[in-house]
Amino acid sequence: MRPGEPMDRRDLIEWLRESDEARLEELWARADATRRVHVGDEVHLRGLIEVSNHCVRRCAYCGINVSNSEVKRYRMSAEEILACARQARELGYGTVVLQAGEDYGLTRGAVADVVRRIKDETGLAVTLSLGERSDEDLRSWRAAGADRYLLRFETSDQELYARIHPSLPGRLSDRFVLLRRLRELGYEVGSGVMIGIPGQTYATLADDLQSFVELDLDMIGVGPWLPHPVTPLGRGELPPAADSEQVPNTELMTYKVVALTRLLCPEANIPSTTALATLNLASGRELGLTRGANVVMPNLTPVEYRALYEIYPGKACIRETANECVHCLSGRIVRMGRQIGRGSGGRRRGRG
Ligand code: SAH
């Protein structure tokens, strides 16, 4: 396949298997040029607040799943969340992201209240990432002013999805229905997958990429699967795919997926994820930003809770305060010749 031509499933698989450095340079350059044309040079900062690590689910990859009895559980108060949101505004971020395990202690009313207060007091865009919640919850939070919702589908292989999500009747098709429903409710919708989950094949990953297009996602987050030793996947209890088929959970594979995502979904907001920075603290985030990404999600969670939100081990920047984090990041972005995004940084349709 030549640069500039549309990509079908076979081309995607070929790119995912590509190892020739010159060809990969072409891929990075094309993704970077597409990023510049469609979403510009601004890098949007979304302040991440990990509001609770309680969770009812048993996701086989996630360190805070309900079976982990070792981790101390916390849930931030409304006041604590508000304080983080004020800090986000002072630091010049356009958005706060409230993320948590699937925690029904975060009640419909409490979340709606906190969203309303954040909107009233700070005017920031609010993104929620609270798992699979009821239609009433999602409607109420939207009415309270929430702008966006993130819910990764994790993999488009139904069988693999069922294997890594053993609890509850939750099926992959439910997640796709929910993503469409979120759009009907007027949310900007984000999703994504992990890269290199044991059992994930190149063909599946190509399907994942095509699903991004079909779902017409506004935001797409992809990151490497990072083994957590307290989980079934981390303990090696679930089977990998055959050698030549298994996708590796590497930095390089993640860049390929970021770049291909940008080519397939040119207008989407694509973060250079913390999971990527975890694999390469020195330059993972920057490389992501030069290979298709245009968003970074600095962590605003109070330091005393941050280590407890251990979805995977060794998370980048776990001890930095929000202030240190923003200075480090802004410096990096400006040195790359990019600018910090202004405003809420929502999806802009139909440019370029
Ligand atoms: N409870 C919410 C938020 C989950 S955390 C939800 O289910 O949507 C956000 C994302 O982190 C998950 O969607 C998953 O893709 C990623 N994640 C979780 N555990 C991980 C691990 N061990 N390695 C890499 N990414 C992981």
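The shown structure was predicted, so the numbers you read here are calculated from the model rather than taken from an experiment.

Calculation rules
Residues numbered from 1 in each chain as written. Predicted model: local features only at pLDDT ≥ 70, side-chain atom pairs only at ≥ 80, totals over all residues. Heavy atoms only, no water. Buried < 20%, exposed > 50% of the residue type's maximum accessible area, 1.4 Å probe, protein only. Helix = DSSP H or I, 4+ residues; strand = E, 2+ residues; numbered from the N terminus. Pairing = 2+ DSSP bridges. Right-handed = clockwise from strand over helix to strand, strands pointing away. Axes fitted to C-alpha atoms, helices over the stretch in contact; angles between N-to-C directions. Parallel < 35°, antiparallel > 145°, perpendicular 65-115°, else oblique. Left-handed = near helix turned anticlockwise from the far one by under 90°. Contact = heavy atoms within 4.5 Å. Nonpolar A, V, L, I, M, F, W, Y, C, P; charged D, E, K, R; others polar. Phe/Tyr/Trp six-rings, centres within 6.5 Å; stacked < 30°, edge-to-face > 60°. Lys NZ or Arg CZ within 6 Å of the ring centre and 35° of its normal. Salt bridge = Lys/Arg side-chain N within 4 Å of Asp/Glu carboxyl O. Near = heavy atom within 4 Å. Polar contact = N/O pair within 3.5 Å; in protein donor to acceptor, adjacent residues only side chain to side chain. Areas by Shrake-Rupley, 256 points an atom, 1.4 Å probe, with all protein chains shown as cover. Core = buried A, V, L, I, M, F, W, Y, C linked by side-chain atoms within 4.5 Å.

J.: Help me understand the pairing of strand E3 (residues 125-129), please; the structure alone is not making it clear to me.
T.: On a regular strand, one side chain projects to one face of the sheet and the next to the other, so that they alternate. For E3, the tally of buried residues reaches five of five residues, placing the bulk of the element in the interior. Across the two faces of E3 the burial is the same, with Ala-125, Thr-127 and Ser-129 and Val-126 and Leu-128 all buried. Taken together, the five bridges between strand E2 (residues 95-100) and E3 define a ladder with parallel strand orientation. When the sheet's bridge partners are listed, Gln-99 is paired in E3 with Ser-129. Note that the unit made of E2, helix H4 (residues 108-122) and E3 has a crossover that is right-handed. Taken together, the two bridges between E3 and strand E4 (residues 148-150) define a ladder with parallel strand orientation.

J.: Honestly, the packing of H4 against helix H5 (residues 135-143) in this entry has me stumped. Any pointers?
T.: Each pair of packed helices gets described by two things: the angle between the helix axes and the distance between those axes. Remark: H4 packs on H5, axes separated minimally by 9 Å, with the N-to-C direction vectors making an angle of 20°. Considered as vectors, H4 and H5 are oriented roughly parallel to each other. Once H4 is placed against H5, the crossing between them reads as right-handed. Here H4 contributes Arg-108, Val-111, Ala-112 and Val-115 to the contact with H5, which in turn contributes Glu-136, Asp-137, Ser-140 and Trp-141. Taken together, the residues that form the contact of H4 with H5 break down as four nonpolar, one polar and three charged.

J.: Before we go on, may I ask you to explain the packing of aromatic side chains in this structure?
T.: Given two aromatic rings, their pairing is described by the distance between the two centres and the angle made by the two planes. As enumerated under the stated definition, the model contains five aromatic pairs in all. Measuring from ring centre to ring centre gives 5.8 Å for Tyr-149 and Tyr-187, while their planes differ by 80°; the resulting arrangement is edge-to-face. With Tyr-149 in strand E4 and Tyr-187 in the loop between helix H7 (172-184) and strand E5 (188-195), this pair connects stretches of sequence that are 38 residues apart. Accessibility assignment for this pair places Tyr-149 and Tyr-187 in one class, buried. A cation over an aromatic ring shows up here: Arg-142 above the ring of Tyr-187, its NZ or CZ 5.9 Å from the ring centre.

J.: What's the story with the pattern of salt bridges in this structure? I'm lost.
T.: Should the charged atoms of two oppositely charged side chains come close, the side chains can pair. A full pass over the atoms with the stated rule returns 35 salt bridges. Ionic pairing is found between Arg-23 and Glu-26, a salt bridge with its closest N-O pair at 3.3 Å. Taken together, the residues span about one helical turn, with Arg-23 and Glu-26 both in helix H2 (residues 21-39) at a distance of three residues. Here Glu-26 falls in the partly exposed class, since its relative accessible area comes to 31%. Note that Arg-235 is salt-bridged to Glu-237, the shortest N-O span being 2.7 Å.

J.: Help me understand the side chain of Thr-254, please; the structure alone is not making it clear to me.
T.: Along the chain, the position of Thr-254 falls in helix H9 (residues 251-264). Dropping the residues within four chain positions of it, Thr-254 is found in contact with Ile-195, Val-222, Gly-223, Pro-224 and Leu-276.

J.: Explain the side chain of Asn-68 to me, please; I cannot follow it from the model alone.
T.: Examined against the element boundaries, Asn-68 turns out to sit in the loop between strand E1 (42-52) and helix H3 (78-90). The exposure class assigned to Asn-68 is buried, which follows from its relative accessible area of 10%. Not counting the four nearest positions on each side in its chain, Asn-68 is found in contact with Gly-63, Arg-73 and Val-230.

J.: Sorry if this is basic, but what is going on with the site of the ligand here?
T.: Around the ligand, a shell composed of 18 residues is seen, among which Tyr-61, Ala-100, Arg-152, Glu-154 and Leu-226 lie nearest. Separating a nitrogen atom of the ligand from a backbone N or O atom of Tyr-61 is a distance of 2.9 Å. At 2.8 Å, a backbone N or O of Ala-100 approaches a nitrogen atom of the ligand. When the free accessible area of the ligand is taken as 560 Å², the share hidden by the protein chains comes to 92%. Tallied by class, residues from the shell around the ligand come to eleven nonpolar, four polar and three charged.

J.: Looking at this model, I keep getting lost on the pairing of E1. Mind explaining?
T.: A large share of E1 lies buried, amounting to ten of its eleven residues. Two strands pair when backbone bridges link them, and E1 and E2 are joined in this way by six bridges, in the parallel orientation. Looking at E2, one finds that Leu-48 is bridged to Val-97. For the segment spanning E1, H3 and E2, crossover handedness is right-handed.

J.: Would you mind showing me how to read the nonpolar core here?
T.: Side chains of nonpolar character tend, in soluble globular proteins, to be buried together. If you look at the biggest cluster of nonpolar residues, it comprises 98 residues, and the most contacted ones within it are Leu-128, Trp-141 and Tyr-187. No other element matches H9, which puts eight residues into this core. With six residues, the next largest nonpolar core counts Leu-48, Met-219, Val-295 and Met-297 among its residues.

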